[in-house]
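Chain by chain, the residues:
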Amino acid sequence: RSSGESLLSIINDLLDFAKAEAGKLGLLPVPFRAATLLKSVVAMMESLARGKGLDLRLKFMGGLDAVIVADEARLRQVLVNIIGNAVKFTARGSVEVRVAYAAAARRVAFEVQDTGIGISPLDLERIFAPFSQADSSTTRKYGGTGLGLAISQRIVEALGGKIVARSELGKGSTFAFEIDVGEPAA
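Rules used throughout
- Along each chain, numbering runs from 1 in the same order as the chain's sequence is written.
- Owing to the predicted nature of the model, reporting of local features is limited to residues with pLDDT of at least 70; listing and counting of side-chain atom pairs is limited to 80 or more, with chain, interface and lining totals taken over all residues.
- With hydrogens and water excluded, all non-hydrogen atoms of the structure serve as input to the side-chain values.
- In summary, the pairing rule links any two rings of Phe, Tyr or Trp, Trp by its six-membered ring, whose centres are within 6.5 Å, and it sorts them by plane angle into stacked for under 30 degrees, edge-to-face for over 60 and tilted for everything else.
- Helix and strand assignments come from DSSP, with helices taken as H or I runs of at least 4 residues and strands as E runs of at least 2, each series counted from the N terminus.
- Residue burial is assigned from relative accessible area. The probe radius is 1.4 Å, only protein chains are included, and a residue is buried under 20% of its type maximum, exposed over 50%, and partly exposed in between.
- The salt bridge definition used is simple: a Lys or Arg side-chain nitrogen within 4 Å of an Asp or Glu carboxyl oxygen.
- Working rule for contacts: check all heavy atoms of both residues, and any pair within 4.5 Å makes them a contact.

Caption draft 1: The packing of aromatic side chains, seen in detail. Considering all chains together, one arrives at two aromatic pairs under this definition. The interplanar angle of 20° and the centroid separation of 4.7 Å between the aromatic rings of Phe110 and Phe177 together place this pair among those described as stacked. Placement of the pair is Phe110 in strand S5 (residues 107-114) and Phe177 in strand S7 (residues 172-180), with a sequence separation of 67 residues. When its relative accessible area of 2% is taken as the criterion, Phe177 is described as buried.

Caption draft 2: Structural context of the pattern of salt bridges. One pass over the full model with this rule turns up nine salt bridges. Across the salt bridge formed by Glu96 and Arg98, the nearest N and O atoms sit 2.4 Å from each other. Judged by its relative accessible area of 10%, Glu96 falls in the buried class. Within the structure, one salt-bridge network assembled from shared partners comprises Asp55, Arg57, Glu96, Arg98, Glu111 and Arg166.

Caption draft 3: Quick peek at the environment of Val42. Its place among the elements puts Val42 in helix H2 (residues 34-51). Here Val42 falls in the buried class, since its relative accessible area comes to 6%. Through-space distance from the C-alpha of Val42 to that of Ile83 is 7.9 Å; in sequence the pair is 41 residues apart. The residues touching Val42, leaving out its near neighbours within four places in the chain, are Leu56, Leu58, Ile83 and Val97.

What follows is the structure, given as structure tokens:
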């Protein structure tokens, strides 16, 4: 079963990447509460973090009780990938997810900061490239296809945003992105 789930994950990544490259991601904006989405993603990651002895925190910087309009499924996919990577590449310490809603600008900003292994400056330059991981030892030790960040970058861009990464080797990483959101029809 585990092998089957792993294979299905790889196939889904390949299909999502092919759709993104073809410009056929197909966004479906719907109204939803961002706070509810974030709480469910963090709850899903909680057992993985707890199993590693990590402190997983969610901080709302304001305004997230509002109903927003965006592609909830694609946003969930990006959050699961970014938070999942933070947990995967952190052996001890914490992962903190911060989010803020700028109602006037109709943008939501996300930041995921970890105390994990970090990324070297050279590897940071290519972290969003498809099929890319820091090095082959990363793939052997942590697994993955090297597509998650490439797919996340394309989804964030399709949602009207940009994703950036900052990191220091041995001290952790921060991934930050903003997306455009609409307001539900009255």
